[in-house]
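Architecture and fold: a report
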Amino acid sequence: MNDRVSITIEGGVADVRLNRADKMNALDNAMFEGLILAGERLKREPGLRAVVLSGEGKSFCAGLDTSNFGAMASGGRREGQSSAGGDLVTANRTAGGSNRAQHAVMVWREIPVPVIAAVHGVAYGGGYQLQLSADLRFVAPDAKLSVFEIRWGLIPDMAGMALLRGLVRDDIARDLTYSGRIFSGEEALQMGLATRVCVDPRAEALAYAKEVAAKNPHAIRAAKRLLNMADEASKSEILIEESREQVALISSPNQVEAVMANMQKRAPTFADTEVETPAPVPFGAN
């Protein structure tokens, strides 16, 4: 871990903070590295139940550090690099298809528990794309948001195109991308780009994460796996995977505990041991 991103874990909830407040948490090379390291760690973190991602200081993330644009203007970048100075078009991509800059965003979608982005101040460009990767976005009403890249003569290239398509109508995604206009948290809610508008997004996100952490962690993880596959899988594949996940959950210790706690009107106590999911069943098999 580097000093750009901090992680504090309590009660299964990871409080993740971007720590470059003097630069409004702008994305420099160290911030990209910190985001990837933090996300990869949390993918393997035992006992993790939920994640809150937020920024220190006045803003969530102002986007790409402006020093990168000076290098572009001077021709100091190689042809084929991303705006973050990352990999060439086809080289060194993750199994999911991301280059380094995209992976700094997509790694948060790959974390097996819910991720809540708490957004205040500004979230421009790469910072806006970063919060799109979260399962939920709690946004301050006066936050300033923008798919900002067109102002620099660029396109969103940190997974923004892949993530926007599942959140808003096609014409809205095109409007935001073509215009680069700045919009508020209130407008983001109206467009479907914010989950909640909150006066204190981080406080509400942490409270929500604690609620999620009190649910059966195996059911939460199973739900995220199914929701993550919804964009790419066929209806029949999703139906089969629903059945596989449910078979694994029914009568498992944590599912029994959820039932007993409800019947006995008490708080449940869940274990973090693994649940074995049945092997995939070929479509049409008896």
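One can find the structure itself at the top, above this paragraph.
What comes next is a walk through the structure. (Residues numbered from 1 in each chain as written. Predicted model: local features only at pLDDT ≥ 70, side-chain atom pairs only at ≥ 80, totals over all residues. Heavy atoms only, no water.)

Our focus in this paragraph is the sheet that holds strand β7 (residues 144-146). The strand order across the open sheet built from three strands is β5-β7-β8, with neighbouring strands paired in mixed fashion. The two strands at the open ends of the sheet, each matched to only one other strand, are β5 (122-124) and β8 (183-184). Relative to β7, β5 is paired through three bridges, and the arrangement is parallel. What sits directly across from Ala123, in β7, is Leu145. (Pairing = 2+ DSSP bridges. Helix = DSSP H or I, 4+ residues; strand = E, 2+ residues; numbered from the N terminus.)

For the coordinates displayed, the defined rule picks out three aromatic pairs. The interplanar angle of 75° and the centroid separation of 5.6 Å between the aromatic rings of Phe138 and Tyr208 together place this pair among those described as edge-to-face. With a gap of 70 residues between them, Phe138 in strand β6 (residues 136-139) and Tyr208 in helix α8 (residues 201-213) connect regions that are remote in the sequence. Relative accessible area serves as the criterion here: at 23%, Tyr208 is assigned to the partly exposed category. (Phe/Tyr/Trp six-rings, centres within 6.5 Å; stacked < 30°, edge-to-face > 60°. Buried < 20%, exposed > 50% of the residue type's maximum accessible area, 1.4 Å probe, protein only.)

Here we take up the environment of Asn2. Here Asn2 is to be found in the segment before β1 (5-10). Judged by its relative accessible area of 22%, Asn2 is partly exposed. There is a polar contact of 3.0 Å between the side chain of Asn2 and the backbone nitrogen of Arg4. At 2.8 Å, the side chain of Asn2 forms a polar contact with the backbone oxygen of Ala30. (Polar contact = N/O pair within 3.5 Å; in protein donor to acceptor, adjacent residues only side chain to side chain.)

In this section: the pairing of β1. Across six bridges, the pairing between β1 and strand β2 (residues 13-18) is antiparallel. Opposite Ile7, over in β2, you have Val16 as the bridge partner. Where β1 folds back on β2, the antiparallel hairpin that results is connected by two residues, among which Gly11 adopts a positive phi of roughly 60°.

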